[in-house]
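# Coordinate analysis (summary)
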Amino acid sequence: MVRSGFTSLILSAVCVLALGACSSNNDKLDAMTGWLGPLAQFTRVSGDGNRGVFLGPATTPAAPVETLYIPPVDVTLSPQSALEALLPAEFEEIRGLLDRRVRELLAKEFKIVSGPGPDAYTLRVALTNLVVKRVGNTARARSRDDLRFGFGVAAIESEIRDGTTNGRRAVTAAPLATAQNRLATADVTWTGLPAQLDRFAAALAEQIAAARTALAAEPAARDAPPQKP
């Protein structure tokens, strides 16, 4: 079920990104996120550390990923956030900005349809662990200029679900913050938010394209156990 509305902001604030990249002794992937959950039965096909594309177990080839149904994009806040700093309308505006950009980018490569069906994959997307704070003199009237958004622990995550079985064929996770990408860790103001959301949408589009390519592989190759690091 897709969460919607400002209520999801509070309910999802407890989800903390914790994605690993090692294998256990039984060759299961020791990886999970607060939004995607454990990925022990998945196989990593790209990325490392806390980013990547992962394919779910499958015994039959996936249909070509050409058509997508995208429910409203979700946003969750980090527990580090000051929840009272953001108005419900502002939260919905952030979701709307990201949702539109995700659809615009994916529409360049996929057919986007308005509802689920057996001929379309369902792509669920969430920006997770966004940090929102208010700075300055809190005694004065609030302003959007006082808001600061942090992306140091944020990621854009997705799951590609089969239109017939609703099984997860693939999942992706793309944090932007790295030692080499200081821009992604710096706090931004409200006016700087759209550019940062664009970066996350672009990272998602790249990973969805990689997942499509991987799903087109033979089942034997896709079902191979994850390689140990």
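Residues numbered from 1 in each chain as written. Predicted model: local features only at pLDDT ≥ 70, side-chain atom pairs only at ≥ 80, totals over all residues. Heavy atoms only, no water.

### Remarks on the overall build of the protein
If you tally the helices and strands in the protein, you get 4 helices and 13 strands. Within the span of the protein, comprising 229 residues, buried residues form 45% of the whole. Summed over all atoms, the accessible surface of the protein reaches about 10900 Å², with 55% contributed by carbon and sulfur. (Helix = DSSP H or I, 4+ residues; strand = E, 2+ residues; numbered from the N terminus. Buried < 20%, exposed > 50% of the residue type's maximum accessible area, 1.4 Å probe, protein only. Areas by Shrake-Rupley, 256 points an atom, 1.4 Å probe, with all protein chains shown as cover.)

### Here's the deal with the confidence of the model for the protein
Of the residues in the protein, 76% have a pLDDT of 70 or more, and the chain-wide mean is 82. Counting contacts from residues 1–26, a segment whose pLDDT is below 50, to residues more than four positions away or on other chains yields 76 contacts. In the model, residues 220–224 has pLDDT below 50 throughout and makes 14 contacts with residues more than four positions away in sequence or in other chains. (pLDDT = per-residue confidence, 0-100. Contact = heavy atoms within 4.5 Å.)

### Points about the packing of aromatic side chains
Enumeration according to the criterion identifies 2 aromatic pairs in this entry. For the pair Phe149 and Trp190, a centre-to-centre distance of 5.9 Å together with 55° between the ring planes defines the contact as tilted. Pair noted here: Phe149 is in strand β11 (residues 147–150) and Trp190 is in the loop between β13 (168–175) and α3 (193–215), with a separation of 41 residues, a long-range link. Summarising the aromatic geometry, the rings of Phe151 and Phe200 are spaced 5.5 Å apart at their centres and angled 35° between planes, so their arrangement reads as tilted. Here Phe200 lies in helix α3 and Phe151 lies in the loop between β11 and β12 (155–161), a separation of 49 residues in the sequence. Here the two residues Phe151 and Phe200 agree in accessibility, since each one is buried. (Phe/Tyr/Trp six-rings, centres within 6.5 Å; stacked < 30°, edge-to-face > 60°.)

### What about unusual backbone geometry?
Negative phi values dominate among residues other than glycine, just as trans dominates among peptide bonds. One non-glycine residue, Asn129, adopts positive backbone phi at about 60°. By secondary structure assignment, the location of Asn129 is in strand β10 (residues 121–134). Classification of Asn129 by relative accessible area gives buried; the value is 3%. Even without being glycine, Asn166 reaches a positive phi, approximately 65°. Mapping Asn166 onto the fold places it in the loop between β12 and β13. Asn166 sits in the partly exposed class, given a relative accessible area of 46%.

### Overview of the pattern of salt bridges
If you walk through the whole model with that rule in mind, you get 13 salt bridges. For Arg134, the salt bridge is made with Asp146, and the minimal N-O distance between the two is 3.9 Å. Pair noted here: Arg134 is in strand β10 and Asp146 is in the loop between β10 and β11, with a separation of 12 residues, a long-range link. Overall, Arg134 belongs to the partly exposed group, its relative accessible area being 26%. One continuous salt-bridge network, built from bridges that share partners, spans Glu90, Glu93, Arg142 and Arg144. (Salt bridge = Lys/Arg side-chain N within 4 Å of Asp/Glu carboxyl O.)

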